[in-house]
Amino acid sequence: MALKNSDCAAIVDDRATRRCGQALGINTIETGGLLILAKRRGLIPSNISWNPSLA
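Computed from a predicted structure; not experimentally measured.

### Brief notes about the overall build of the chain
From N to C terminus, the chain includes two helices and two strands. What you see in the chain, going N to C, is helices and strands ordered as β-α-β-α. Of all intrachain contacts in the chain linking residues separated by at least 6 positions in sequence, the fraction that spans at least 24 positions is 3%. Looking at the chain as shown, the accessible area adds up to about 4,700 Å², and 56% of this sits on carbon and sulfur atoms.

Encoded structure:
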């Protein structure tokens, strides 16, 4: 889907997969980045806080 639609991104967490996707021109995002994006867009309630020291 991400290969055919530039509005989509593949969710990946390892370097090899990210490099492969980028070589194919696929937008990629890591799980952590996805969570931050969702929080910024208001999809995760503001009363839930993210603590990077716990990651």
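### Some points on the pattern of salt bridges
Counted by the stated rule, this structure contains one salt bridge. Residue Arg-18 pairs with Glu-30 through a salt bridge whose shortest N-O separation is 2.9 Å. Taken together, the residues Arg-18 in helix 1 (residues 15-23) and Glu-30 in the loop between strand 2 (28-29) and helix 2 (31-40) connect sequence positions 12 residues apart.

### What about the confidence of the model for the chain?
In this model, the chain carries a mean pLDDT of 82, and residues with pLDDT of at least 70 account for 84%. Element-level mean pLDDT values for the chain span from 86 in strand 1 (residues 10-11) up to 90 in strand 2.

### So, a nonpolar patch on the surface
A surface patch of nonpolar side chains, amounting to about 230 Å² of accessible area, comprises Ile-11, Leu-34 and Leu-37. With respect to the secondary-structure elements, Ile-11 resides in strand 1.

Calculation notes
Residue positions within a chain follow its written sequence, with the count starting from 1. Given that this is a predicted model, residues contribute local features only at a pLDDT of at least 70 and side-chain atom pairs are listed and counted only at 80 or more, while totals for whole chains, interfaces and linings are drawn from all residues. Each side-chain value is worked out from all heavy atoms of the structure, with water and hydrogens disregarded. Secondary structure follows DSSP: runs of H or I at least 4 residues long count as helices, runs of E at least 2 residues long count as strands, and numbering of each begins at the N terminus. Should any heavy atoms of two residues lie within 4.5 Å, those residues are counted as being in contact. In short, Shrake-Rupley with a 1.4 Å probe defines the accessible areas, and a residue's cover is counted only from the protein chains shown. By salt bridge we mean one thing: a side-chain nitrogen of Lys or Arg within 4 Å of a carboxyl oxygen of Asp or Glu. The predictor attaches a confidence to each residue, called pLDDT, with possible values from 0 through 100. Patch membership requires over 30% relative accessible area and the absence of a salt bridge. Like charges are linked within 9 Å, and nonpolar side chains (Val, Leu, Ile, Met, Phe, Trp, Tyr) within 5 Å.

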